Amino acid sequence: MQDLGLSRPLAATLARRGITDPVEAKGFLEGRESHEPGKFEGMAGVVEEVRAAIDDGRKITIYGDFDADGVAATTIMVTALRQLGAECDWFIPDRITEGYGLNPEAIEEIASRGTGLVVTVDCGVTSVGEVALARKLGMGIVVTDHHRTEAVLPDCRILHPVVSGYPFVDLCGAAVAAKLASALRQAAGLDPFLDEADLDLVALATVADVMPLIGENRRLVREGVKVARRAQRPGMRALIAESGLEAAQLSARDFGFRLGPRINAAGRIYRADAGVELFLSDSPERAEEIASELGRANNERRRIEREVEAAAEAAKRELGDDDPAVLVVAGEGWHPGVVGIVASRLVRRHGVPAVVISINGDTARGSARGIPGLDLHQAIAATSDLLEGFGGHAAAAGLQILPSRIDDFRVALAEAVVGQLGVGSTVTPDSFDAVAGGEELALALAEEIETLEPCGKENPTVSLLIPNARITDLREMGEGKHCRFSVISGGGRAAGVSFGRTGFGVDEEAAVDVLAELNVNHWNGSSQPQLVVREVSPVSTADPTEGSSELVGCEPGEWWSRLEVAMGGQTPQKIDRLKDESETRESADSPGALAATSIEGPAEVVLAELLSSGEPLLIITSDARSRWNSLGGAAGLGRLRKAGIDSVRGLWAGSPTDASGPFAEGLSEGVGLSDHVTLAANPDLVGICPNTVVLDPAASPEELLLASSAASTLRLVDPAGLVFAEKASADRNLLTPRLRILYRELRDAGEVSGGNLQRILTGTSSGDDPGLGSSPEDSSILLRVLVEAGLARTEGRADARTVSIVSSEKADLAQSTLFSEQMRIHKKEIAFLRQLNR
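This one's a predicted model, so the numbers in the text were calculated from it and none came from an experiment. (Residues numbered from 1 in each chain as written. Predicted model: local features only at pLDDT ≥ 70, side-chain atom pairs only at ≥ 80, totals over all residues. Heavy atoms only, no water.)

(A) Fine view of the overall build of the protein. Within the protein, the regular secondary structure consists of 32 helices and 26 strands. Dimensions of the protein along its principal axes, counting C-alpha atoms only, are 120 × 60 × 50 Å. The 838 residues of the protein split such that 53% are buried. A separation threshold of at least 6 residues defines the contact pool for the protein, and within that pool the share at least 24 residues apart is 68%. Per element, the accessible surface of the protein, about 35800 Å² overall, is 48% carbon and sulfur. Within the protein, the 123 negative side-chain charges are centred at a point lying 3 Å from the centre of the 83 positive side-chain charges. (Helix = DSSP H or I, 4+ residues; strand = E, 2+ residues; numbered from the N terminus. Buried < 20%, exposed > 50% of the residue type's maximum accessible area, 1.4 Å probe, protein only. Contact = heavy atoms within 4.5 Å. Areas by Shrake-Rupley, 256 points an atom, 1.4 Å probe, with all protein chains shown as cover. Lys, Arg positive; Asp, Glu negative; His and termini not counted. Charge placed at Lys NZ, Arg CZ, Asp CG, Glu CD.)

(B) Representation of the pattern of salt bridges in the model. A complete count under the given rule lists 45 salt bridges for this structure. The shortest N-O distance in the salt bridge between Asp433 and Arg17 comes to 3.1 Å. A residue pair is termed long-range when its members are at least 10 positions apart, and Asp433 in the loop between α17 (406–421) and β11 (434–435) and Arg17 in the loop between α1 (8–16) and α2 (22–30) qualify at 416 residues. The exposure class assigned to Asp433 is buried, which follows from its relative accessible area of 11%. The partly exposed category is assigned to Arg17, whose relative accessible area is 24%. The salt bridge partner of Glu509 is Arg470, with a shortest N-O separation of 3.8 Å. Of this pair, Glu509 sits in the loop between β14 (492–498) and β15 (512–523) while Arg470 is found in strand β12 (residues 464–477), placing the two residues 39 residues apart along the sequence. (Salt bridge = Lys/Arg side-chain N within 4 Å of Asp/Glu carboxyl O.)

(C) Spatial organisation of helix α10 (residues 215–230). Within the sequence span of α10, burial applies to Gly215, Glu216, Asn217, Arg218, Arg219, Leu220, Val221, Gly224, Val225, Val227 and Ala228. Each element contacted by the buried residues of α10 is listed here: α2, α7 (173–188), α8 (193–196), α9 (199–208), α11 (234–242) and α12 (252–269). Two residues or fewer after α10 comes Ala231, characterised by a positive phi angle close to 50 degrees.

(D) Spatial organisation of the packing of aromatic side chains. The final tally for this structure, using the stated rule, is four aromatic pairs. With a centroid separation of 4.3 Å and 25 degrees between ring planes, the pair formed by Phe40 and Tyr166 is classed as stacked. A residue pair is termed long-range when its members are at least 10 positions apart, and Phe40 in the loop between α2 and α3 (43–55) and Tyr166 in the loop between β5 (157–159) and α7 qualify at 126 residues. In this pair, the class of Phe40 matches that of Tyr166, namely buried. Note on Trp559 and Trp560: the rings are 5.1 Å apart at their centroids and 85 degrees apart in plane angle, and the pair reads as edge-to-face. Of the two residues, Trp559 and Trp560, neither departs from the other in class, the shared state being buried. Note that Arg218 overlies the ring of Phe28, its terminal NZ or CZ placed 4.0 Å from the centroid. Note that Arg253 overlies the ring of Phe257, its terminal NZ or CZ placed 4.6 Å from the centroid. (Phe/Tyr/Trp six-rings, centres within 6.5 Å; stacked < 30°, edge-to-face > 60°. Lys NZ or Arg CZ within 6 Å of the ring centre and 35° of its normal.)

(E) Just the packing of α9 against α10, in detail. Remark: α9 packs on α10, axes separated minimally by 7 Å, with the N-to-C direction vectors making an angle of 125 degrees. It follows from the interaxial angle that α9 and α10 lie oblique. You can see that α9 and α10 cross each other, and the crossing is left-handed. Every residue of α10 that contacts α9 at Leu199, Asp200, Val202, Ala203, Thr206 and Val207 is listed here: Asn217, Leu220, Val221, Glu223, Gly224, Val225, Val227 and Ala228. Residue composition of the contact of α9 with α10, by class: nine nonpolar, three polar and two charged. (Axes fitted to C-alpha atoms, helices over the stretch in contact; angles between N-to-C directions. Parallel < 35°, antiparallel > 145°, perpendicular 65-115°, else oblique. Left-handed = near helix turned anticlockwise from the far one by under 90°. Nonpolar A, V, L, I, M, F, W, Y, C, P; charged D, E, K, R; others polar.)

(F) View of a nonpolar patch on the surface. On the surface, Leu153, Val162, Val163 and Val169 cluster together into a nonpolar patch covering about 290 Å² of accessible area. Residue Val162 is classed as exposed on the basis of its relative accessible area of 51%. (Patch = residues over 30% accessible without salt bridge, like charges linked within 9 Å, V, L, I, M, F, W, Y side chains within 5 Å.)

(G) How the structure looks around the side chain of His147. Locating His147 in the fold gives a position in the loop between β4 (140–144) and β5. Ignoring anything within four residues of it in the chain, the contact list for His147 reads Tyr100, Asp122, Val125, His160, Gly392 and His393.

(H) Region of the structure containing the confidence of the model for the protein. Across the protein, the average pLDDT comes to 87, with 90% of residues at or above 70. In the model, residues 581–595 has pLDDT below 50 throughout and makes 19 contacts with residues more than four positions away in sequence or in other chains. Within the model, the stretch residues 643–647 combines pLDDT values under 50 with seven contacts to residues more than four positions away or in other chains. (pLDDT = per-residue confidence, 0-100.)

(I) Highlighting the sheet that holds strand β6 (residues 327–332). If you trace the five strands from one edge of the open sheet to the other, you get β6-β7-β8-β10-β9, paired in mixed fashion. Of all strands in the sheet, those bounded by a partner on one side alone are β6 and β9 (389–392). Strand-to-strand, the axes of this sheet are offset by a mean angle of 15 degrees, without reference to chain direction. Pairing analysis gives six bridges linking β6 to strand β7 (residues 354–360), with the strands arranged parallel. By the bridge assignment for β7, Glu332 is matched with Ile359. Strand contacts of α17: β6, β7 and β10 (396–401), with the helix running at about 165 degrees to β6, the strand carrying the most contacts. (Pairing = 2+ DSSP bridges.)

The structure is reproduced here in structure tokens:
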């Protein structure tokens, strides 16, 4: 926040994702990572071999994959080679009849065409036998790929981010092809501007192939979106229009959800080379025709996908395992082109890795999708003795298997998954990146969040938690399939939408926690912030004072001991020392000199952010009991705490001489809630917890110094906190209302002592635990004023102390020096608070 001038929600998002160094954060946000093609070891040799083929007039065939990455990579290489004057064609295998990667029949067909050099893109790194066959048939071959390798590599020149030692290992196949195309152009002295023209396809492939959107991929996709928005490639322009998008508003998300699926649909149920033809076309009319074909193929893909998904769910139910470690389902005649999509759906729905297998007679092909934390390729490799073949990477894989071995494969793969992750591992529920609320939910934050784009794998869209909000003005939209509404948070209001649901089942007045994305909605030439809501959870309406075992107060002996110290007008030793220290500091009376690091925002929002970190936390307030109640008590604060952390603890009183007891013990790993006055009586507590947040401003330099003495202290800047602190000072120091109540209760009780006296003094005579009421220090002030004003008498010590009313005459409380002193303290505190927060 401080070094880069970021908002708290964006800074929290970066920190929660492991980016805590400002320099690293700046580099990530700028997305400038870039490496020269020459960083691939062996690039010079590959360029030499390709240029030799061009110079010799040999025909070059690009062998690509049938998905969006392979189609984009094929287009990039064909374009570059033709720019260099090469005779170049392409070959993409049929997904259903030939499967992924190189195959002997295809190699023989390519050789029969008279090809002299084969350049693979997005495939080939595991095709040892097929590469050997190509060379045997007299063809040269170069492999460019990014998939997981095996122990033995093909005997040829290879460009691969891992094999070739490239500085960024997560390039997709099209990005590797683009690096080779760039190196070839550089060697030929062509305009480097031509490299930029490839970036729209690189971005499409990177997103569609679900590559991590970190490192160099962030720059490639970000720049690729800009190129695609210009829509200078006729095929890209036609595809954007067919998808119902506006080129000028195109986003990386559109590559993954609108454009990529149309290219992939061709390879799944149509002809994969339609995508290559689309992107190579110079004719806008022909490009529009192909884009329409792809749109129809995509619609057909959706219909088939729904049928296979329903059949896969039925197959799961037949297995009868309600809690599988991995889901492996198979069916005769399932379209092999959609099994990968269906596997992804099963993972999202059931939270476990999934394999969907299409059986066709004596053969079966399947697609597998994993969950975070699982190396799917490694798990499948552990079952390789049951497979006819497999390939892929940590998140997705394809395989071939005999139908008779599917049951054994299911057992073996489950063992491999459990071996990696342990029993009961599933996709974790939705979490959030940051907490926001009130006036923060505005266009400025939405635009700032956009600096994290492009979002996707390993850099997901930002999820915001909006605590204690309300959903109002809910209306259906989209033919009754979706809804729109307003989200009210504190003093702020934001427009919200939710897709796939028409309501949340909560009353408009109900307090809810909202999980949402904050986007910029462009509509009719204007830009507005919009919350896309994913989840709404009702906030518990239980009485926050219930479950008082969470509140740690004084034991009777401690309470009486502290009362006696306070009755003598004594001040704890540590506070005296702190006062001395403050007097030796330059500008010791200047609140700004003693203030801790400041953080702005609504109290509940900032506190929710800090609580959700899971770190130990001491919360210092002006009035702990009031804050506890307003924040919902243990249930209200605990809902924001990480699982496995002790529940929220509260303290209204503690020992003035040592920091012991359950509250102090809890501070080492949990949360404590106290107030400035109580901590002044037990200052050692501040040193126990490494993290302190001053929720309400301190009312004196001494309290401020104490609150700032922790290892790490944040001071909340919130106008509502100042109002709360001023009210707390008035409640604490303007004694007349409390004195009247105490006088009446003592008068009605007669001579009183022991537990009855403690309950009356603490304001818990109705039956609450007296250890959780007014502190001994506050009680002593009230009692001493009544004695000084001649209204009451007290004798004895500790729990043997007795108190009785001795006068019913109206008294001038100003006769009490202590009463006047408290009024003076109040005025001084108000002046300090306003100076501190001006």
